[in-house]
Amino acid sequence: MDGMMISVAGYNDKLWDLLKLILEGMRDFEFDEDRYKVNLREISLRYENQVHSEPFKHANGVTNFLKFDLQWRSQDKLDAIEHVSLDLLRRFVDDIFRQLYVQMLVLGNYSENEALDISEKVMKYCSSGRLSEPEYVVPRCLLHPVGVYSLQVDPQSEKNVNSAVQRTIFTSNTDSPYYKAMVDLISNIVSEPLFDQLRTKEQLGYIVSSGAFIANGAPPSLYILVQSEVNPAYVDLRISSFLRAYSPIIRSLSQAEFDHHVNSLIVRRLQNPKCINEESSRFWVQIHSKFYDFEWREVEVSILKSLTLNDLFAFWDRYFLPHPNSKASHLVVSVHSSFVRKPTTLELQKYPQSIIALQGCLAKEGLSSELCSLKSLNALILDIASHLDLVKLLPSTIDDAIPYLISWCTPLYDSNPDQLDALKSKLVSNTGPTNYLRTALYMALEEYSYINHGYDHDHDIPSNKPNGISDSSPSLSTPASLKPTIPTVSSNTGVSKYKDPKQFEDTIKAARGLTKTPSGSWVFTDAVKYKNTSVISSGPFSFHPLIPKY
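Only a predicted model underlies this, so the values are computations on that prediction, with no experimental measurement involved.

### Points about the side chain of Gln-166
Here Gln-166 shows up in strand β5 (residues 163-170). Residues within four places of Gln-166 in sequence aside, it is in contact with Ala-59, Asn-60, Thr-63, Tyr-223, Ile-224, Leu-225, Leu-331, Val-332 and Val-333.

Rendered as structure tokens:
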């Protein structure tokens, strides 16, 4: 919120009297010091509780912070409230009524002239000047570049055993009605299968949700949110795995199934508001955004009616299929539990995500990071690769790889043979999707094959290797020393040695605090620096000509 909102509802003949009392109380408010202290304490406690809220709420809050320009985290507000004083609050009230920019919606049993009369009364009663147009605060959104960008967030509570991952897939940096309709449709198609796979079959956690975000001015996006006791690296990989595995299902949709999804979305969009509050919310969203796109529902319906199966296939492959040639921007926020080890930046740079996920799954089996280091796990995968054919990985390969994992674990369980027997039984007897350790091992072999052979097992076609990854890179291959990511500049010419545009782009990302992983994605830990160095969208504009009536 970039201002204050006042909402009054009731019988129309008394609403102005109620609004006048509220405005009068705000304008002429007398501050009592004792009451001020009580309210300040209540607000501080509210922010403290929000900081230590459930991980899925925290992940969503951080995601919103990285989506909108005028967005603040609970911790930011908690830090700022320490500088609030009673004198400062008094001056703030005086300043806020000196100049105002007012947006008003009058809805219900009012005539046009009565609504205009109320707006004039508000400005006159506040005795305020009008804020000049260049001083308007306009909502803007961050525009994330193509690729995968992952924020690693420290634990927020010492007692909560859950972590959370929210992956947001931005399809375009344009506010296109066509893109909004397509994202809405895909969200409608995948929401139930995603819940069924991640929540019911894999049992990753109680909270699994997804949805479309199609606000004005923001790139249309699909979010997937999972709260789980399993480590965030594993959860995020399972989200990516679902998107890959669902691609053939999308392509196998019949015309009847496609029409069913389109028609259900059309019915939802054409549904009339059930009450005046819902109708007011629909209008207010457009007014506050300053896009004034009151007919967006009708526009989306017309686009939905024109879509074909080929449109859906092309859009999915372009934005939702995890692939080096994807045109989507993925923002991943991983909130770690205090019971899950958070990897360091150097580890994220050196080791693939699947190795980190495997370490987390072994930790749940009683093996600490000191016993099963990332380096030793990396060596294990290399050893398996030297004995098994991973060029074309098959589901049955995991059965051949499990004896190597058991042999590797045996010395670590010298003091607890019963726990080793339990691990062997678990790996062999449970071959279903709830066996996280078995799945993590398969994903590590899969990522090795992808990085070293560039093979896409879901589509049986060779794919490009991630940028910067080769057989001699530190990831799942012969360990190499980490090189600095900031370029050196020639003292003779003063020109960066990175003349290639792609290399220079990577250099800029490194300067922003981003670290490149072996799979080609980027990770960061400083959300503020990432936000402050990101591109933001333009100010709001209307798709329809706005001609003032008065």
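Having put the structure on the table, let's press on.
### Quick look at the packing of aromatic side chains
In this structure the tally under the stated criterion is 17 aromatic pairs. Ring centres 6.3 Å apart and planes at 85° place the aromatic pair Trp-16 and Tyr-125 in the edge-to-face group. One end of the pair, Trp-16, is in helix α1 (residues 12-27); the other, Tyr-125, is in helix α6 (residues 112-126), and 109 residues separate them in sequence. For Trp-16, a relative accessible area of 15% gives the class buried. Taking 5.7 Å as the distance between ring centres and 65° as the angle between the ring planes, the aromatic pair formed by Phe-68 and Phe-213 counts as edge-to-face. Pair noted here: Phe-68 is in the loop between α3 (55-65) and α4 (74-81) and Phe-213 is in strand β6 (residues 207-213), with a separation of 145 residues, a long-range link. Among the aromatic side chains, those forming a connected cluster through ring pairs are Tyr-178, Tyr-179, Phe-242, Tyr-246, Phe-315, Trp-316, Tyr-319 and Phe-320. Just above the ring of Phe-65 sits the side chain of Arg-73; from NZ or CZ to the centre is 4.7 Å. Positioned above the aromatic ring of Phe-65, the side-chain terminus of Lys-531 is 3.9 Å from the ring centre.

### Things to note about the domain arrangement of the protein
Along its sequence, the protein is carved into domain 1 (14-135) and domain 2 (343-456 + 512-518). The centre of domain 1, based on its C-alpha atoms, is set 52 Å off from the matching centre of domain 2.

### Here's the deal with a nonpolar patch on the surface
Together, Ile-6, Leu-18 and Ile-22 give the surface a local cluster of nonpolar side chains, amounting to about 200 Å² of exposed area. Note on placement: Ile-6 falls in the segment before α1. Using a relative accessible area of 36% as the deciding quantity, one classes Ile-6 as partly exposed.

### Description of the sheet that holds strand β7 (residues 221-228)
The 7 strands lie next to each other as β6-β7-β5-β8-β4-β12-β11, forming an open sheet whose pairing is mixed. Single-partner strands in this sheet number two, and they are β6 and β11 (515-516). As defined by bridge partners, β6 adjoins β7 across 7 bridges and the pair is classed as antiparallel. The residue of β7 that forms the bridge with Ser-209 is Leu-225. Packed onto the sheet, α3 meets β4 (147-153), β5, β6, β7 and β8 (329-335) and runs at close to 30° relative to β5.

### Structural notes on α1
Side chains three or four residues apart in an α-helix point the same way, a direct result of the helix having 3.6 residues per turn. The terminal C-alpha atoms of α1, which comprises 16 residues, lie 23 Å apart, in line with the 22 Å expected from a rise of 1.5 Å per residue. Buried residues of α1: Leu-15, Trp-16, Leu-19 and Leu-23, and no others. The arc enclosing the buried residues of α1, seen along the axis, measures out at 95°, which places them on a common side. In this structure, α1 carries Asp-13, Lys-14 and Leu-21 as exposed residues pointing more than 90 degrees from its buried face.

### Digging into unusual backbone geometry
Unlike most non-glycine residues, Gln-203 shows phi in positive territory, near 55°. Examined against the element boundaries, Gln-203 turns out to sit in the loop between α7 (177-201) and β6. With a relative accessible area of 47%, Gln-203 lands in the partly exposed category. Of note, Tyr-292 is a non-glycine position whose phi angle comes to about 50°, a positive value. Inspection of the secondary structure puts Tyr-292 in the loop between α10 (276-289) and α11 (296-306).

### Thoughts on the environment of Asp-414
With respect to the helices and strands, the residue Asp-414 is situated in the loop between α16 (397-409) and α17 (417-429). We classify Asp-414 as exposed; its relative accessible area is 62%. Between the alpha carbons of Asp-414 and Asn-160 there is a distance of 31 Å; along the sequence they are 254 residues apart.

### With respect to the UniProt feature "domain: Coenzyme PQQ synthesis protein F-like C-terminal lobe" (unreviewed entry) in the protein
UniProt feature "domain: Coenzyme PQQ synthesis protein F-like C-terminal lobe" (unreviewed entry): in the numbering of this structure it lies at residues 185-284. In residues 185-284, helix accounts for 61% and strand for 15%; the two terminal C-alpha atoms are 24 Å from one another.

### Some points on the pairing of β7
When you tally the buried positions in β7, you get 7 out of 8 residues, the bulk of the element. The pairing of β5 with β7 spans 8 bridges and is classified as antiparallel. Among the inter-strand pairings, Thr-168 is bridged to a residue of β7, identified as Tyr-223.

### As for the packing of α7 against helix α12 (residues 309-319)
Put simply, α7 and α12 touch, their axes get as near as 11 Å, and they point 90° apart. Between α7 and α12, the crossing angle belongs to the class labelled roughly perpendicular. Every residue of α12 that contacts α7 at Tyr-178, Tyr-179, Met-182, Val-183, Leu-185, Ile-186, Ile-189 and Val-190 is listed here: Asp-311, Leu-312, Phe-315, Trp-316 and Tyr-319. Classifying every residue of the contact of α7 with α12 by side-chain character gives 12 nonpolar, no polar and 1 charged.

Analysis parameters
Residues numbered from 1 in each chain as written. Predicted model: local features only at pLDDT ≥ 70, side-chain atom pairs only at ≥ 80, totals over all residues. Heavy atoms only, no water. Helix = DSSP H or I, 4+ residues; strand = E, 2+ residues; numbered from the N terminus. Contact = heavy atoms within 4.5 Å. Phe/Tyr/Trp six-rings, centres within 6.5 Å; stacked < 30°, edge-to-face > 60°. Buried < 20%, exposed > 50% of the residue type's maximum accessible area, 1.4 Å probe, protein only. Lys NZ or Arg CZ within 6 Å of the ring centre and 35° of its normal. Domains from an automatic or database assignment. Patch = residues over 30% accessible without salt bridge, like charges linked within 9 Å, V, L, I, M, F, W, Y side chains within 5 Å. Areas by Shrake-Rupley, 256 points an atom, 1.4 Å probe, with all protein chains shown as cover. Salt bridge = Lys/Arg side-chain N within 4 Å of Asp/Glu carboxyl O. Pairing = 2+ DSSP bridges. Axes fitted to C-alpha atoms, helices over the stretch in contact; angles between N-to-C directions. Expected span 1.5 Å × (residues − 1). Arc of directions from axis to C-beta. UniProt positions renumbered as here; feature names shortened; annotations may be inferred. Parallel < 35°, antiparallel > 145°, perpendicular 65-115°, else oblique. Nonpolar A, V, L, I, M, F, W, Y, C, P; charged D, E, K, R; others polar.

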